[in-house]
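Chain residues, written in single-letter form:
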Amino acid sequence: GEDVEQSLFLSVREGDSSVINCTYTDSSSTYLYWYKQEPGAGLQLLTYIFSNMDMKQDQRLTVLLNKKDKHLSLRIADTQTGDSAIYFCAETPMGYSTLTFGKGTMLLVSP
Amino acid sequence: SQTIHQWPATLVQPVGSPLSLECTVEGTSNPNLYWYRQAAGRGLQLLFYSVGIGQISSEVPQNLSASRPQDRQFILSSKKLLLSDSGFYLCAWSGDIYQPQHFGDGTRLSIL
């Protein structure tokens, strides 16, 4: 079945760039997503990329997709303490409405 | 704009009691609706999804059921709660299968 893997933890200093990585196994993935979850809250959609794209940039966020290696990354430029949260990678296969999530990467930003 | 509401935000229930969690979406019609559970280990487990009124797909057989009595209303229920039903329950909606899912604020359910 489909599988999405993420590293569990990342620690950076305020002002540095953060890079959160994700790998997936389903070669029929059509869309890949990044969600952010703050403590006690629901998931907030940050950005998503269609599988025929290599890169998408949205203000401080840059998504890179290497479809050959099934690798997705989220880069946060100028990371702030308010970016501390859990970040989930998710994918949806062709023709399906359901998402497969990774277990999330906890980003801790220190001042 | 579209909004999604879940309630209650927090719930403490005894083992064996019934459950009803409600989710409603505003500002759209015929959304796809989803219920997820997030356990302490952080992963999200899809419980049910619905592509229309009265159409429910169950992903995991368990002590829970879902219903969609109206177009923009999705209800998660149980007749008798188990300790293992504790967790953070999230409702989500999407416009169609190629649109991203948008999540509610969740319900924290504790079973005593």
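Given the structure is predicted, the values throughout are model-derived calculations rather than measurements. Counting starts from 1 at the beginning of each chain's written sequence and moves along it residue by residue. Chain letters and ligand numbers both follow the written order, the letters beginning at A and the numbers at 1. It should be noted that, the model being predicted, local features are given only for residues of pLDDT at least 70 and side-chain atom pairs only at 80 or more, the latter also being counted only at that level, while totals for whole chains, interfaces and linings use all residues. The basis for every side-chain value is the complete set of heavy atoms in the structure, and neither hydrogens nor water enter the calculation.

**Q** Any details on the pairing of strand S9 (residues 85-93) of chain A? Residues and values, ideally.
**A** Residue and element names in this part refer to chain A. Burial analysis of S9 places 9 of its 9 residues in the buried class, which makes it a mostly covered element. Burial here depends on accessible area, computed with a 1.4 Å probe over protein chains only, as a share of the maximum for the residue type. Under 20% is buried, over 50% is exposed, and the range in between is partly exposed. Numbering of helices and strands runs from the N terminus; a helix is a DSSP stretch of H or I covering at least four residues, while a strand is a stretch of E covering at least two. Here S9 shows a buried face lined by Ala85, Tyr87, Cys89, Glu91 and Pro93 and a second buried face lined by Ile86, Phe88, Ala90 and Thr92. By the bridge criterion, 8 bridges tie strand S4 (residues 29-37) to S9 in an arrangement that is antiparallel. Bridge pairing in S9 links Tyr35 to Phe88. With 3 bridges joining them, S9 and strand S11 (residues 105-110) adopt antiparallel strand pairing. Looking across to S11, one finds that Ile86 is bridged to Met106. Here, a strand pair is defined by DSSP locating no fewer than two bridges between the strands.

**Q** Describe the interface of chain A and chain B, naming the residues involved and giving the relevant values.
**A** Each side of the interface is counted separately: chain A has 24 residues, and chain B has 21 residues. Counting the surface lost from both chain A and chain B, the interface buries some 1800 Å², and carbon and sulfur atoms represent 59% of this. Under the rule applied, a polar contact is a pair of N or O atoms within 3.5 Å (in protein, one hydrogen donor and one hydrogen acceptor; residues adjacent in sequence only if both atoms are side-chain atoms). Viewed at the interface, chain B and chain A are joined by 2 residue pairs in polar contact (both at pLDDT 80 or more). Elements with a minimum of two residues in the side of chain A that touches chain B: S4, strand S5 (43-50), S9 and S11 of chain A. Here the side of chain A that touches chain B takes 4 residues from S4 of chain A, the largest share from any one element. Along the lines of polarity and charge, the residues of the side of chain A that touches chain B split into 15 nonpolar, 8 polar and 1 charged. In this description, contact between two residues means that some pair of their heavy atoms is separated by no more than 4.5 Å. The buried area of a pairing is the accessible area, by a 1.4 Å probe, that goes missing from both parts when the two are put together, added over both. Ten residue types, Ala, Val, Leu, Ile, Met, Phe, Trp, Tyr, Cys and Pro, are classed as nonpolar, four, Asp, Glu, Lys and Arg, as charged, and the remainder, Gly among them, as polar.

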